[in-house]
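Examination of the molecular architecture
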Amino acid sequence: MTGVDRRTFLIGAAAAGAISTGTAHAATTSFEHGVASGDPLPDGVLLWTRVVTSEPIRWEIARDEDFHRVVKRGTTRTSPARDHTVKVEVHGLRPDTRYWYRFRVGDVLSPVGRTKTAGCVSELNFGVVSCSNWMAGHFAGYGHLARQQDLDAVIHLGDYIYEYFNADFRAPDPPHRCVTLDDYRRRHAQYKTDRHVQALHAAHPMIATWDDHESADNSSSIGSPQHDPATEGPWAARMAAATQAYHEWMPVREGKLDRTFRFGDLATVTMLDLRSYRTDTTILGAAQRAWLIKTLTTDRARWQLVGNSVMISPFKIPPLPGFPPSNPDQWDGFPIDRELVLRSLGDRKNTVFLTGDIHSSWACDVPLNDNSAATEYVVTSLTSDNFDELLKVPPRTGSLQLEAQIQVLNPHVRFVELDSHGVSTLKVTKDEVRMDWHYVADKKNPDSAVARAHSFRTRHNTARTERVLF
Ligand SMILES: [Fe+2]
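Conventions adopted
- Each chain carries its own residue numbering, running from 1 in the direction its sequence is written.
- Local features in this predicted model are restricted to residues of pLDDT 70 or higher, and side-chain atom pairs are both shown and tallied only at a pLDDT of 80 or more, whereas totals for entire chains, interfaces and linings draw on every residue.
- Water and hydrogen atoms play no part in the side-chain values, which are based on all heavy atoms of the structure.
- Counting from the N terminus, the helices are DSSP H or I runs at least four residues long and the strands are E runs at least two residues long.
- Put simply, the radius of gyration uses C-alpha atoms, and a globule should come to 2.2 Å times the residue count raised to 0.38.
- For every residue, the accessible area obtained with a 1.4 Å probe (protein chains only) is divided by the maximum for its type, and the residue is called buried under 20%, exposed over 50%, and partly exposed between those limits.
- Whether two residues touch is decided by their heavy atoms; if any such pair falls within 4.5 Å, the residues are in contact.
- Charge counting treats Lys and Arg as positive and Asp and Glu as negative, with His and both chain ends excluded.
- Working definition for charges: the position is that of NZ of Lys, CZ of Arg, CG of Asp or CD of Glu.
- Think of a nonpolar core as a cluster: buried Ala, Val, Leu, Ile, Met, Phe, Trp, Tyr and Cys residues, connected wherever their side-chain atoms sit within 4.5 Å.
- Scored between 0 and 100, pLDDT is the confidence that the predictor attaches to each residue.
- The span you would expect from a helix comes to 1.5 Å times its residue count less one.
- For this quantity, the arc is that covered by the directions from the helix axis to the C-beta atoms.
- The term salt bridge refers to a side-chain nitrogen of Lys or Arg lying within 4 Å of a carboxyl oxygen of Asp or Glu.
- Counted as coordinating are nitrogen, oxygen and sulfur atoms within 2.8 Å of the metal, or 3.2 Å for Na, K and Ca, while water is not included, which may make sites look incomplete.
- Geometry is assigned from donor-metal-donor angles: four donors are tetrahedral when every angle falls between 85 and 135 degrees, four are square planar and six octahedral when opposite donors sit over 155 degrees apart with all other angles between 65 and 115, and any other arrangement is irregular.
- Domain start and stop points were drawn from an automatic or database domain assignment.
- Summed over both partners, the accessible area (1.4 Å probe) lost when two parts come together is defined as the buried area.
- Here a polar contact is taken to be a pair of N or O atoms separated by no more than 3.5 Å, where protein atoms must pair a possible hydrogen donor with a possible acceptor and residues adjacent in sequence count only if both atoms sit in side chains.
- Amino acids are sorted into nonpolar (Ala, Val, Leu, Ile, Met, Phe, Trp, Tyr, Cys and Pro), charged (Asp, Glu, Lys and Arg) and polar (every other residue, Gly among them).

As for the overall build of the protein
- Scanning the protein from terminus to terminus reveals 10 helices and 22 strands.
- Relative to the 2.2 N^0.38 estimate, which gives 23 Å for 470 residues, the radius of gyration of the protein is 22 Å and therefore close to what a compact globule would have.
- Counting all 470 residues of the protein, 59% fall into the buried class.
- In the protein, the share of contacts with a sequence separation of at least 24, taken over all contacts with a separation of at least 6, comes to 67%.
- Averaged over its 54 positive side-chain charges, the protein has a centre that lies 5 Å from the centre of its 57 negative ones.

Given below as structure tokens:
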């Protein structure tokens, strides 16, 4: 170790101790935040870990979990400038193939992760998740997805972390709301100490985008109602801090969150970024809107799946004390963008929006004039409070009447369930896209049972959703 390296290491070790737990633990090299992979391509995948060291970090990827058949290996480094996170771009892999990977510093091995490349396939299976609030519960739903053997990837639709502070159930770190780069790094670090988070990432590659709570409630490029420039400084600095921490800590490629993933001629997954370019008048921004419309109308895959952090279907909210008639944080606040996108689809009835954000389960025929232009499936929150909890009524009581009212006011809503938490799985075949909702019995129990509760499908070329009985 040279003098400079040694000094960098010591600074890094001290910073890491302060950042992650406030204790000086960094003298021992460890992979305490697990491993992750993401952004699968036909020939490669992104690998992620975090380790406090100035030594070379070796990585290897193999066709078997015992690493007898290593197909690629290399070395990389990290530094305090990136909060000791590590990303490796692996290329030269085979499509539609499972791999196992791990990292090593000296004699210290990381946990083993399993991943999969994208490919030209006849069937795809995704996990679909959103709104994983550390403060509101345990992540048993992640554990449920981690145990599924057949997933191609897990699509995270945002609110992977929550930036605010309350300590009603699980206390967050830092013990105040996140504003600075150190704050956001600490919050991300805490999430990646959770055993269900680690299990999920170690089991499947993730395709993630963000929503508002990775920065601040109802955020946009110009601010957030939960940001006070007088006491918290310029919004641009806070957004830059949130963006940097997200890119350091998530298994996403550097650069943009709006991006596409191709699975042969079966499906293209287009992930949107509905926060970075949002203003008062556009949810997408002009460049992302043009790119989305071009992708949806020229891509040749049989299905267009859109990872969409907030609901695109119109939603008239039934009269309720304290509730507005609509939610302008969703696409309802941006009718011009919505109409331009839906109108562009024309007769192509192959677009399915996958949505998070509203902590409840929905299946919708997305209307345009008197027709249905697409379908939309909304995954419920992993843990974030939903309707019964906000109203402090028992589940499946006060919500039933509201669900009925929603369907009367919004006839394009084919299914809505306001109370349950959990995850979804999505099966894509040539003939249909099917969304299954799996509900956790008790979000406050880390070992809660999780079971399939509802199932809807869209048949190709219909832009209609229908219940599947099982
Ligand atoms: Fe949320």
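What about the nonpolar core?
- Among the nonpolar cores identified, the biggest contains 32 residues, and Tyr142 and Tyr160 are the most heavily contacted of them.
- Only α2 (140–147), α3 (181–191), α4 (195–203), β11 (206–208) and α6 (235–249) provide two or more residues apiece to this core.
- Take this core: its biggest share by element is six residues, from α6.
- With near-sequence residues (within four places) excluded, Tyr160 lies in contact with Ser132, Tyr142, Tyr191, Lys192, Val197, His201, Met206, Glu214 and Met250.
- In this structure, Ala118, Ala363, Tyr377 and Met435 belong to the second largest nonpolar core, which totals 30 residues.

Brief notes about the confidence of the model for the protein
- Of the residues in the protein, 94% have a pLDDT of 70 or more, and the chain-wide mean is 94.
- Of the regions scoring below 50 in pLDDT, residues 1–26 engages in 34 contacts with residues more than four places distant in sequence or in other chains.

Considering helix α7 (residues 286–298)
- For α7, with 13 residues, the first-to-last C-alpha span of 18 Å sits near the 18 Å given by 1.5 Å per residue.
- Looking at α7, one finds that the buried residues are Gln288, Leu292, Thr295 and Leu296. Taken down its axis, α7 places every buried residue within 90 degrees of arc, on the same side. Every exposed residue of α7 that faces more than 90 degrees away from the buried side is listed here: Ala286, Ala287 and Lys294.

Considerations on the pattern of salt bridges
- Going through the model one piece at a time under the given rule, you end up with 37 salt bridges.
- With a shortest N-O distance of 3.3 Å, Lys87 and Glu254 are connected by a salt bridge. Placement of Lys87 in strand β5 (residues 85–90) and of Glu254 in the loop between α6 and β12 (259–263) is noted, with a sequence separation of 167 residues between them.
- Between Glu248 and Arg185 there is a salt bridge, with its nearest N and O atoms 2.8 Å apart. With Glu248 in helix α6 and Arg185 in helix α3, this residue pair connects regions lying 63 residues apart in the sequence. We note that Glu248, like Arg185, is buried.

Notes on the coordination of the iron ion
- On the protein side, the iron ion has Cys131 (SG), Asp159 (OD), Tyr162 (OH) and His359 (NE2) as donor atoms, found 2.1 to 2.5 Å from it.
- Taken together, the four donor atoms coordinating the iron ion span angles of 86 to 170 degrees at the metal, a pattern that classifies the geometry as irregular.
- Coordination of the iron ion draws on donor residues from a single chain, spaced C-x27-D-x2-Y-x196-H in sequence. Of the two residues, Tyr162 is situated in the loop between β10 (153–156) and α3 and His359 in the loop between β15 (351–355) and β16 (361–368); the sequence distance between them amounts to 197 residues.

Some words on the domain arrangement of the protein
- In terms of domain boundaries, the protein breaks down into domain 1 (3–116) and domain 2 (123–467).
- The C-alpha centroid of domain 2 is placed 28 Å from the C-alpha centroid of domain 1.
- On the side of domain 2, 31 residues touch domain 1, which itself brings 32 residues to the contact.
- Note on domain 1 versus domain 2: buried area summed over both sides is about 2500 Å², and carbon and sulfur give 46% of it.
- Applying the counting criterion to the domain 1 and domain 2 interface returns five salt bridges.
- In this structure, the connection of domain 1 to domain 2 is made through 20 residue pairs in polar contact (both at pLDDT 80 or more).
- Breaking the side of domain 1 that touches domain 2 down by element, the ones donating at least two residues are α1 (3–20), β1 (35–41), β2 (44–50), β5, β6 (98–105) and β8 (113–116).
- Among the elements that line the side of domain 1 that touches domain 2, the one with the most residues is β1, at seven residues.
- Taken together, the residues of the side of domain 1 that touches domain 2 sort by class into 13 nonpolar, eight polar and 11 charged.

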